[in-house]
Amino acid sequence: MSSNTVLETTALGPIGASLEAPRPLARPEPRPGVLAIETYVPGKSVVPPGVTPHKLSSNENPFGASPAAIAAAKAAMDRLAVYPDGSASALRAAIARKYGLDAKRIVVGNGSDELLEMLAQAYIGPGDEGLFSEHGFLVYRIAILTAGGTPVVAPERDYTTDVDAILARVTERTRIVFLANPNNPTGTYLPFDEIRRLQAALPPRVLLVLDAAYAEYVRRNDYASGLELALTAENVVMTRTFSKVYGLAALRLGWMVAPAHVVDTIERIRPPFNVNAAALAAGVAAIEDEAFVSASVAHNEEWAERLTTAFEALGLGVTPSVGNFLMIHFPTTPGRTAREADAFLTARGLVVRRIESYGLPNALRMSIGTAEANELVVAALRDFLAGGDARAPETRDA
């Protein structure tokens, strides 16, 4: 057949083409990309029977929640038959008062995770790319894939986000850069000058999402959460959470500040009544209880330093952290590995977080807990490194 021959066609297509109909699927199939998502595995909480548990795997506040927040949540239980305020007006007003904001620039979510997911859904589609750092929060990858996009990972330097590595990976397909500052699970942070440099170098069409879940814990003069940029730049969003310093992890509550056009976009896809009434009430009370937050931060600052000193005295490496957790590095020597240390600690009821899923197989993340829990971890790791008995003292004679 010559190159300029035109095939005769019928209603079924070109003559000579296969007339076999596509085979029907045997079951519903997810769209491409969904099965590439690895299920997020939260920090474990199970310990052997008979052992007192100390959960240090999820970066929760060891003081619990503010008594005022607990009382507010309980009071909300008297109106379970009534839908919550779909606009979260009281909570948005409380956040606006605290930070001097226009409440119209605030969106409240069912945890900051929901906000991250909605941002990805709104700004990423098939063929688009979302960028994050090598050891960044696992939810970024999940959110990008869920939206149909392609995750792009930038290497870090000394477990810290590298602005130049991010910029080198920006392409015409990049739509969002997710940046946790401070970062989980490393505990490292970028000074605000570096955040400014990143934002200035990004194309205006790229949305920079600053995840400041641990901002309240940071006590560094060169740090800023990104609130100012979110208020002045057209392509910056800052997200925050009530799960950490405010101790409301069980209620799932987060918020973000964004340019008006981003708020308008997210409000179009935000589910109605996405935040429950107990969370809304507790959030208002929590953000107003500054004494509780101050005590939590002071405890964290004291024990972060004490634990770092103690672990380093045992010969373990600790990445300097500005959050409410520490990343502890272990040798690869059999009998002294992070995996074996985790099993040893668990046997004693001390539950920390393995972080292989973050590409860190030789490290454990430990939330800073109560004084009792912290001291127990130091003692247990001393015994572990000395080859001691993993069983908790109270179970050895059982």
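Not measured: the values here are computed from a predicted model.

Parameters at a glance
Residues numbered from 1 in each chain as written. Predicted model: local features only at pLDDT ≥ 70, side-chain atom pairs only at ≥ 80, totals over all residues. Heavy atoms only, no water. Buried < 20%, exposed > 50% of the residue type's maximum accessible area, 1.4 Å probe, protein only. Helix = DSSP H or I, 4+ residues; strand = E, 2+ residues; numbered from the N terminus. Contact = heavy atoms within 4.5 Å. Pairing = 2+ DSSP bridges. Axes fitted to C-alpha atoms, helices over the stretch in contact; angles between N-to-C directions.

**Describing helix H4 (residues 138–146)**
Here is step 1: In terms of burial, H4 is a largely internal element, 7 of the 9 residues being buried.
Here is step 2: Within H4 the residues assigned to the buried category are Leu138, Val139, Tyr140, Ile142, Ala143, Ile144 and Leu145.
Here is step 3: Elements that come into contact with the buried residues of H4 comprise helix H3 (112–123), strand S5 (129–133), strand S6 (150–154), strand S7 (174–180) and strand S8 (207–211).
Here is step 4: Where H4 terminates, the next one or two residues include Gly148, which has phi positive at roughly 95°.

**Brief notes about the side chain of Asp128**
Here is step 1: Relative to the elements of secondary structure, Asp128 occurs in the loop between H3 and S5.
Here is step 2: Look past the residues within four positions of Asp128 in its chain and what remains in contact with it is Tyr123, Gly149, Thr150, Arg173 and Arg175.

**Focus on the environment of Met77**
Here is step 1: Mapped onto the elements of the fold, Met77 is located in the loop between helix H1 (67–76) and helix H2 (89–99).
Here is step 2: In this structure Met77 comes out as partly exposed when scored by relative accessible area, which is 41%.
Here is step 3: Sequence separation between Met77 and Ala277 is 200 residues, and the spatial gap between their C-alpha atoms is 8.2 Å.

**Some points on the sheet that holds strand S14 (residues 353–355)**
Here is step 1: Here we have 4 strands laid out as an open sheet, ordered S11-S12-S15-S14, and antiparallel in their pairing. A single partner strand is all that each edge strand has here, and the edge strands are strand S11 (317–319) and S14. Across the sheet, the mean angle from the axis of one strand to that of its neighbour is 35°, orientation sign disregarded.
Here is step 2: One ladder, built from 5 bridges, connects strand S12 (residues 325–329) with strand S15 (residues 360–367); its direction is antiparallel. Within S15, the position partnered with Ile328 by the bridge is Leu364.
Here is step 3: Of the strands in this sheet, S11, S12 and S15 touch helix H10 (residues 290–313), which is tilted by about 10° from S12.

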